[in-house]
Amino acid sequence: MSMQAALPVALIPGNSFIHKVNPITKIVWVIGYIVLAFSTQNIYILYGMALFAFLLAPLAGVTKPLLKGALILVPIGSSLLALQIIAPAVEQPWTPVASLGGFTIYGDGLYYGLVLLGRIVASLLIALVMVMTTHPSDLFTSLAKLKMPYTLNFMLAMTLQLIPVFQREVGIIMSAQKSRGMKGSGFAAVLPSFVPVFVGAIERVQQLSISLESRGFGSDGMKTSFRQVRSRPSDWIIGIVGAAIFIGLSIISIMKGLWSLAHVIVFPGTFVLWLFIIAAATFAGVIIVTLIYAFKK
Amino acid sequence: MTTAPVASAPKKSRLNRNNLPMTLIVTLVPVCVALNIVGGYIASALRLPVYLDMIGTAISAIVLGPWWGALVGVLTNAGSSLISGPVSLPFAIVNVVGALLWGYGVRSWKMGRTIPRFFILNIIVAIACTIVAAPIIVLVFGGATGNGADALTGTFLAVGQNLVGSVFSSNILTSLADKIIGGFVALAIIEALPKSLTANVDIVKATPLKGILWAVAGIVIGVLIVVVFLAITAGAN
């Protein structure tokens, strides 16, 4: 069993315009996206944001990894739509449009499901594009410029470095345990696989700690960084324009009572019913395929 | 004559309340965060029906203290969001609640002294985590988690329970199994750690994981019967 490809790779190296944008500008956009997404229930704005984020991917040359990263949306999105159609997470009264077996299908449930899904899709796509086009060191240098405590910065940076190291270690330890006759799955394998990985990792901490002590970690004085991140005028313009759009739309949306179009956009009953069937079948399909794959493996 | 720059000595003491050097804690925290993230992948590789993604949180909360555990919890979700987007970010609060309960439970309330006490502590952690997670799942994800538990949520909805109740009912089942098993795996790992790290921790030794698994199965089945009964009663009303 290989654990090498379990985690998605964060940075996709490149030389595109988006790769060159300052990480602080990117952080402004991601925060702006999240703030606006959770300040509005207007699906045109939400899916417009998602489309814009998606269109950035070919410009940055990250379309394929972005689609791979967005696969997480298939089970959660289908399940979300199916559940919202039968039980909207908004106050009653709901408008029933059809029924299927023991379930009543609600039209407003679909609208609210699309709102929730739109928020997740828009936030996820912009964050993935930004993460895939930003070197982690540049990001942490920028966070340090924003006065983030360097200890916290160090912890976050070290976490990202350690994940692939531990992944490799898990693969080695599990292969070693299997060669000794350990079961490869189930609860019987929990302790023989978890304990050596965790204890080995934590014992390594003592070496790292001595290494930090010897380099004067925790001492006073100005901290410097090998990597330098500079802001260009274009970064300022992109950041300010983005912030203005996001703040403006958020204020308008809040003033309009979250700008919900639930009473304007009315979905036909048959459409909602079929969408529910497709969403529920997709979710069931994903779960069944995952189970079959897991047991075959 | 010029002299080479020398790092000035830190003004504050390098030892904290645990009598551990600060540099050790600063390195132990990211290790626990990375183990939280990797732990989830080991669980899926072993085809376990639980997440086991809070073991690092439990270890840090018990060994270092509840607030260090809370930091591990926040950094876990912040780190995950840098890898796969901000979808998991709201669940940082669940990690924090788990850390505080494990930390204060073992260190202040002495709930790690015997196996039954520690078992009860893990049940409290599971219930608290579900109480915090259920509203997030409903408000941010519309009740969906993207895993098999959603089928259970749909079943509870079909028998007439409301969305929050359905999410709570399905989440408590996975949470109980996850936190009890995770808590005892953390206990086994703490037992195997160097004595210098665990000298100040008053916690029971020797984890009977096989017996725990039987107890978990019994509790999950018991809770399942209760939540199904409650859902049917809610549906009948």
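Residues numbered from 1 in each chain as written. Chains lettered and ligands numbered in written order. Predicted model: local features only at pLDDT ≥ 70, side-chain atom pairs only at ≥ 80, totals over all residues.

**Details of the overall build of chain A**
Thinking step 1. Scanning chain A from terminus to terminus reveals 11 helices and 2 strands.
Thinking step 2. N-terminal to C-terminal, the α/β element order of chain A is α-α-α-α-α-β-β-α-α-α-α-α-α.
Thinking step 3. Taking the principal axes of its C-alpha atoms as reference, chain A extends roughly 70 × 60 × 35 Å.
Thinking step 4. Within chain A, the proportion of its 297 residues that are buried is 36%.
Thinking step 5. A separation of at least 24 residues holds for 79% of the contacts in chain A among residues at least 6 apart in sequence. (Helix = DSSP H or I, 4+ residues; strand = E, 2+ residues; numbered from the N terminus. Buried ≥ 20, exposed ≤ 12 C-beta atoms within 10 Å, placed from the backbone. Contact = placed C-beta atoms within 7 Å.)

**Quick word on the overall build of chain B**
Thinking step 1. Per the secondary structure count, chain B includes 9 helices and 0 strands.
Thinking step 2. Starting at the N terminus and walking to the C terminus, you meet the elements of chain B as α-α-α-α-α-α-α-α-α.
Thinking step 3. Here the contacts in chain B between residues at least 6 apart in sequence split such that 67% fall between residues at least 24 apart.

**Observations regarding the interface of chain A and chain B**
Thinking step 1. If you look at the interface, chain A gives 70 residues, while chain B gives 60 residues.
Thinking step 2. The set of elements that each furnish at least two residues to the side of chain A that touches chain B consists of helix 5 (73-86), helix 6 (107-132), helix 8 (150-179), helix 9 (190-214) and helix 11 (269-296) of chain A.
Thinking step 3. Tallying contributions element by element places helix 9 of chain A first for the side of chain A that touches chain B, with 16 residues.
Thinking step 4. Counted by class, the side of chain A that touches chain B contains 49 nonpolar, 18 polar and 3 charged residues. (Nonpolar A, V, L, I, M, F, W, Y, C, P; charged D, E, K, R; others polar.)

**Here's the deal with the nonpolar core**
Thinking step 1. Among the nonpolar cores identified, the biggest contains 149 residues, and Ala122, Ile126 and Val129 of chain A together with Val29 and Val185 of chain B are the most heavily contacted of them.
Thinking step 2. Take this core: its biggest share by element is 19 residues, from helix 6 of chain A.
Thinking step 3. Once residues lying within four places of it in the same chain are set aside, the contact partners of Ile126 of chain A are Trp29, Val30, Tyr33 and Ala53 of chain A. (Core = buried A, V, L, I, M, F, W, Y, C linked by C-beta atoms within 7 Å.)

**Concerning unusual backbone geometry**
All names here are of chain B.
Thinking step 1. Although it is not a glycine, Leu52 adopts a positive phi angle of roughly 50°.
Thinking step 2. In this structure, Leu52 sits in the loop between helix 1 (22-45) and helix 2 (55-63).
Thinking step 3. Positive phi is not limited to glycine here, since Lys110 has a value of about 55°.
Thinking step 4. Judged by local crowding, Lys110 falls into the exposed class, with 12 C-beta atoms found within 10 Å.

**Some remarks on the packing of helix 8 of chain A against helix 9 of chain A**
Residues and elements named next belong to chain A.
Thinking step 1. The geometry of helix 8 relative to helix 9 is characterised by a closest axis approach of 9 Å and an angle of 135° between their N-to-C directions. Considered as vectors, helix 8 and helix 9 are oriented oblique to each other. Helix 9 is crossed by helix 8, and the crossing has right-handed handedness. Where helix 8 approaches helix 9, its residues Phe166, Glu169, Val170, Ile173, Met174 and Gln177 are matched on the opposing element by Pro192, Ser193, Pro196, Val197, Gly200 and Ala201.
Thinking step 2. Residues of the contact of helix 8 with helix 9, tallied by class, amount to 8 nonpolar, 3 polar and 1 charged. (Axes fitted to C-alpha atoms, helices over the stretch in contact; angles between N-to-C directions. Parallel < 35°, antiparallel > 145°, perpendicular 65-115°, else oblique. Left-handed = near helix turned anticlockwise from the far one by under 90°.)

**Re helix 9 of chain A**
Thinking step 1. Along its 25 residues, helix 9 of chain A runs 37 Å from first to last C-alpha, staying within 8% of the 36 Å computed at 1.5 Å per residue.
Thinking step 2. Positive backbone phi, at 75°, marks Gly216 of chain A, one or two positions downstream of helix 9 of chain A. (Expected span 1.5 Å × (residues − 1).)

**Some words on the pairing of strand 2 (residues 103-106) of chain A**
Each regular strand displays side chains that alternate between the two surfaces of the sheet.
Residues and elements named next belong to chain A.
Thinking step 1. For strand 1 (residues 96-100) and strand 2, the ladder comprises 4 bridges, and the chain directions are antiparallel. Within strand 2, the residue paired with Ser99 across the bridge is Thr104.
Thinking step 2. Linking two consecutive strands that pair antiparallel, namely strand 1 and strand 2, is a turn of 2 residues; a positive phi of about 60° is found at Gly101 within it. (Pairing = 2+ DSSP bridges.)

**Details of helix 5 of chain A**
Thinking step 1. Taking 1.5 Å as the rise per residue, helix 5 of chain A with 14 residues should run 20 Å; its terminal C-alpha atoms sit 20 Å apart, in good agreement.
Thinking step 2. Those residues of helix 5 of chain A lying buried are Pro75, Ile76, Gly77, Ser78, Ser79, Leu80, Leu81, Ala82, Leu83, Gln84, Ile85 and Ile86 of chain A.

**So, the confidence of the model for chain A**
Thinking step 1. Of all residues in chain A, 95% attain a pLDDT of 70 or more, and the chain-wide mean is 86.
Thinking step 2. Predicted confidence is poor over residues 1-9 of chain A, with pLDDT under 50, and the contacts of this stretch with residues over four places away or in other chains come to 21 contacts. (pLDDT = per-residue confidence, 0-100.)

**A closer look at the environment of Tyr41 of chain B**
Thinking step 1. Tracing the backbone shows Tyr41 of chain B in helix 1.
Thinking step 2. For the pair formed by Tyr41 of chain B and Tyr51 of chain B, sequence separation is 10 residues and the distance between their alpha carbons is 8.3 Å.

**Side note on the confidence of the model for chain B**
Residue and element names in this part refer to chain B.
Thinking step 1. For chain B, the average pLDDT comes to 83, and 89% of its residues sit at 70 or higher.
Thinking step 2. Helix 4 (residues 92-107) holds the highest mean pLDDT among the elements of chain B, 95, whereas helix 9 (residues 209-236) holds the lowest, 78.
Thinking step 3. Note that pLDDT drops below 50 for residues 9-13; the model gives that stretch 5 contacts with residues more than four away or on any other chain.
Thinking step 4. Interface predicted TM-score (ipTM) for the complex: 0.82; the corresponding pTM is 0.84.

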